[in-house]
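# Inside the fold
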Amino acid sequence: MLQIENLKSRIGETEILRGLSLSVNPGEVHAIMGPNGSGKSTLAQVVAGHQDYEVTGGSVTYKGQDLLELEPEERAREGIFLGFQYPVEIPGVNNAYLLKAALNAKRKHAGLDEIDAFEFLKMAREKMATLDMDPKFLNRGVNEGFSGGEKKRNEILQMAMLEPELAILDETDSGLDIDALKAVANGVNSLRNPDRAIVLVTHYQRLLDYIEPDFVHVLSEGQIIKSGDKSLALALEEKGYDWVREAASA
Amino acid sequence: MKRCTADELQAIVGRMPTTRDEDWKYTDLTRARDISSRWLTMGDGTPSSLLDEEIQRITESVEASWLVVANGEIRNLATVSGVTVDKLDEAPAGHHALAELNAALLKEGLRIVVEGTIDKPIGILVIDGTEDTSVSQAYIEVELANHSTASVIEYHASLGDADQYANTAVSLVVGDGATANHVRVQNRARNHVQTGRTDISVGKYANFRSAGFDLGGGLIRNDIVINISNAGADVSFDGLYLAGEGQHIDNHTRVDHRVGPAISKQEYRGILNGKCRCIWNGKAIVHEGADGTDADQANHNLLLSDKAEIDAKPELEIYTDDVKCSHGTTVGQLDETSLFYLRSRGLDREHATQILTHAFAAGIVARAPVEAAKEEITRLMEARLARMIQTDDDFSS
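Residues numbered from 1 in each chain as written. Chains lettered and ligands numbered in written order. Predicted model: local features only at pLDDT ≥ 70, side-chain atom pairs only at ≥ 80, totals over all residues.

## Topic: the overall build of chain B
For chain B, the helix and strand inventory stands at seven helices and 19 strands. Here chain B has a C-alpha radius of gyration of 21 Å; the compact-globule value for 397 residues is 21 Å, and the two agree. With respect to the principal axes defined by its C-alpha atoms, chain B has extents near 60 × 55 × 45 Å. When burial is assessed residue by residue, chain B has 50% of its 397 residues classed as buried. Sequence separation of at least 24 residues holds for 83% of the intrachain contacts in chain B that already meet a minimum separation of 6. (Helix = DSSP H or I, 4+ residues; strand = E, 2+ residues; numbered from the N terminus. Rg over C-alpha atoms; globule rule 2.2 N^0.38 Å. Buried ≥ 20, exposed ≤ 12 C-beta atoms within 10 Å, placed from the backbone. Contact = placed C-beta atoms within 7 Å.)

Okay, here's the thing in structure tokens:
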């Protein structure tokens with residue numbers, strides 16, 4: 001589904017990704033771990049198409065097409081979803097309006113009719129219930145005045161509504177208390193299915209207690225230096241990142 | 001109805017402000033002078049065939065008791081209980097050239113007096129539409145008696161391709177303890193010129209709430225002059241201006257706090273795209289002895305193009321000690337992070353831009369004190385934003 005080959009990217013003059021390769025297939029859950037500044041968020045932003053990150057080498061292929069040729073909105077309509085580390089507050093834009101507009105942009109792209117108001121509301125209420133979200137959030141400004149946990153739940157709500165094929169969740173666990181973490185994990189797990197891939201970008205192992213990954217990758221200085229199964233995350237938790245770095249450079 | 005000779009009129013036109021006047025530094029009235037001079041030799045032209053249709057559309061789309069001034073002539077005098085409406089034969093003699101022009105060329109003025117509480121808004125439609133070059137005047141007095149309450153919608157519109165210059169003067173007197181809710185909508189054609197002055201005097205413990213929307217026009221100059229000479233006056237007025245390619249919109253506001261305690265708050269917001277220019281000049285003068293004045297002014301601008309120009313100038317003059325005054329202006333571009341966030345949800349750049357500009361403007365609409373006008377304002381605003389954003393490819397770089 002997603003093939004990243006030798007990807008190099010920089011922001012301004014700073015090179016961040018230095019030859020990263022990763023392959024993600026439908027049904028898989030990947031965890032990308034690594035210390036601060038290793039390039040985890042950059043990877044997420046480049047896949048979603050953020051213009052500030054310049055790709056200077058390598059390739060990204062998604063469902064057989066050159067992903068780097070697509071605008072961010074085209075990537076979204078093709079089934080890519082990025083859960084933001086810092087969801088953006090947009091005062092004055094109703095949450096329901098954004099959800100509906102996003103859903104309809106995707107439906108239109110797929111040649112489907114716009115969703116009707118009743119069907120939309122029913123769907124939104126159901127998804128919100130699984131995330132333990134108050135339906136009143138629908139009528140508030142997008143992330144306006146939301147707490148950290150509410151913003152992350154709102155990201156997962158958007159994901160649940162849009163039903164992406166490839167979801168990249170950037171530090172979705174950061175700043176969450178245990179209840180919010182469980183609710184978010186619940187939302188993510190309910191979306192797991194054989195057609196959908198999920199990439200979790202995280203600093204800590206904690207999230208992986210609730211969402212069990214098929215693969216764990218360690219990112220350091222813009223490259224994946226070690227890959228393994230979920231036991232790698234536990235080893236990291238115990239021994240720290242230096243252990244992998246030393247092993248990789250030895 | 002011309003009250004003076006052609007030579008006298010030409011002399012008034014010659015006295016119209018120029019960019020050498022400090023208050024008119026950024027707004028060049030040469031076009032208004034040219035149109036006036038040409039029109040003085042030609043006289044009134046043929047009314048536009050679309051005029052009646054447009055009057056009907058507007059008056060039917062906003063629920064109000066409508067009074068219509070079309071090409072400077074009063075069309076109807078609605079009877080509304082609690083409201084006395086009279087035609088005026090003349091406007092008071094003016095103290096500056098635009099008022100002189102108004103007084104000299106006025107066909108018919110309107111005087112509206114409100115007593116008691118009027119629930120249905122009073123709509124005043126000032127509309128111009130001719131097949132040929134035209135100059136029109138409107139003079140409107142609105143007086144709210146002591147302890148009365150009313151909502152007033154001023155709607156300025158025009159149609160036709162011919163050159164047009166409209167000069168309007170509105171005087172609003174809010175009596176002691178009265179509440180005036182006021183909305184001004186300006187949706188003139190994109191090649192037309194308007195100078196408009198609104199003088200407001202606010203009584204003891206009176207409330208004045210206002211919002212002005214400049215959603216059209218070619219060259220627009222608004223002067224809002226508020227006189228607070230009574231204690232307890234509570235004034236808030238907002239403004240929104242949308243300017244696209246070729247437009248020039250100038251808002252000059254002036255609040256004189258002569259007596260305290262009293263409150264005045266204003267917030268103007270502008271969205272500019274393409275080669276255009278807007279001016280916001282907010283002056284607040286706290287005169288000697290106006291203790292307990294609370295004056296606040298804010299102006300925020302969103303520039304979608306590097307060809308757009310804004311001159312934002314707050315001016316506070318304070319001649320007393322016991323005051324609370326603040327001002328703030330911002331000029332910025334669309335937030336790229338918000339734009340990316342929306343695009344990452346599948347919305348294209350144009351749609352995302354529309355959503356963000358709409359959100360920026362919506363705050364002013366939400367606060368507009370006349371509920372009945374909001375739907376029409378929102379409709380005009382959305383249509384204008386959509387066109388402004390589609391027709392300029394500058395921001396897609």
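## Structural notes on the overall build of chain A
On a plain count of helices and strands, chain A comes out with eight helices and 12 strands. Considering only C-alpha atoms, chain A reaches an extent of 60 × 40 × 35 Å along its principal axes. Scored against the burial criterion, the 250 residues of chain A give a buried share of 44%. Considering only residue pairs separated by 6 or more positions, chain A has 71% of its internal contacts joining residues 24 or more positions apart.

## Observations concerning the sheet that holds strand β16 (residues 277-286) of chain B
Residues and elements named next belong to chain B. Pairing is mixed across the open sheet formed by nine strands, whose spatial order is β3-β4-β6-β8-β10-β12-β14-β16-β18. Sheet topology places β3 (83-88) and β18 (309-318) at the edges, where each strand pairs with a single neighbour. Neighbour-to-neighbour, the strand axes of the sheet open up by a mean angle of 10 degrees, direction not taken into account. Strand direction decides the pairing type here: strand β4 (residues 109-114) and strand β6 (residues 134-144), joined by five bridges, are parallel. Looking across to β6, one finds that Val114 is bridged to Leu144. The strands that helix α4 (residues 97-105) touches are β6, β8 (164-174) and β10 (193-202); relative to β8, the one it contacts most, it runs at about 100 degrees. (Pairing = 2+ DSSP bridges. Axes fitted to C-alpha atoms, helices over the stretch in contact; angles between N-to-C directions.)

## Comments concerning the interface of chain B and chain A
Contact with chain B, which involves 14 residues of that partner, is made by 19 residues of chain A. Elements with a minimum of two residues in the side of chain B that touches chain A: α5 (336-343) and α6 (349-367) of chain B. For the side of chain B that touches chain A, the leading source of residues is α5(B), giving five residues. Grouping the amino acids of the side of chain B that touches chain A by side-chain chemistry returns six nonpolar, five polar and three charged. (Nonpolar A, V, L, I, M, F, W, Y, C, P; charged D, E, K, R; others polar.)

## Looking at the nonpolar core
Nonpolar side chains tend to gather and get buried jointly when the protein is soluble and globular. Counting residues in each nonpolar core, the largest one holds 184 residues, and the members touching the most others are A:Ile168, A:Leu200 and B:Leu125. Each residue touching A:Leu200, except ones within four places of it in the same chain, is listed here: A:Val29, A:His30, A:Ala31, A:Ile32, A:Leu169, A:Leu207, A:Ile211 and A:Pro213. (Core = buried A, V, L, I, M, F, W, Y, C linked by C-beta atoms within 7 Å.)

## Some remarks on helix α3 (residues 95-109) of chain A
Residues and elements named next belong to chain A. Across its 15 residues, α3 extends 21 Å between first and last C-alpha, which sits within 8% of the 21 Å expected from 1.5 Å per residue. Within α3, burial applies to Asn95, Leu98, Leu99, Ala101, Ala102, Leu103, Ala105 and Lys106. Where the residues of α3 are buried, they touch α2 (72-77), β7 (90-94), α4 (117-130), β8 (141-142) and α5 (148-162). At the exit of α3 stands Gly111, carrying a positive phi of roughly 80 degrees. (Expected span 1.5 Å × (residues − 1).)

## Some thoughts on the sheet that holds strand β10 (residues 197-202) of chain A
All names here are of chain A. Spatial strand order, β6-β9-β10-β3-β11-β12: six strands in an open sheet with mixed pairing. With partners counted over all chains shown, the strands left at the sheet margins are β6 (80-83) and β12 (223-228), one partner each. Strand-to-strand twist across the sheet, computed as the mean angle between neighbouring axes with direction ignored, equals 20 degrees. Relative to β10, strand β9 (residues 166-170) is paired through five bridges, and the arrangement is parallel. Its bridge partner being in β10, Asp170 is matched across the sheet by Val201. Sheet strands touched by α5: β6 and β9. Its angle to β6, the strand with the most contacts, is close to 170 degrees. Along the sheet, helix α7 (residues 230-239) makes contact with β3 (29-33), β11 (215-220) and β12, crossing β11 at roughly 45 degrees.

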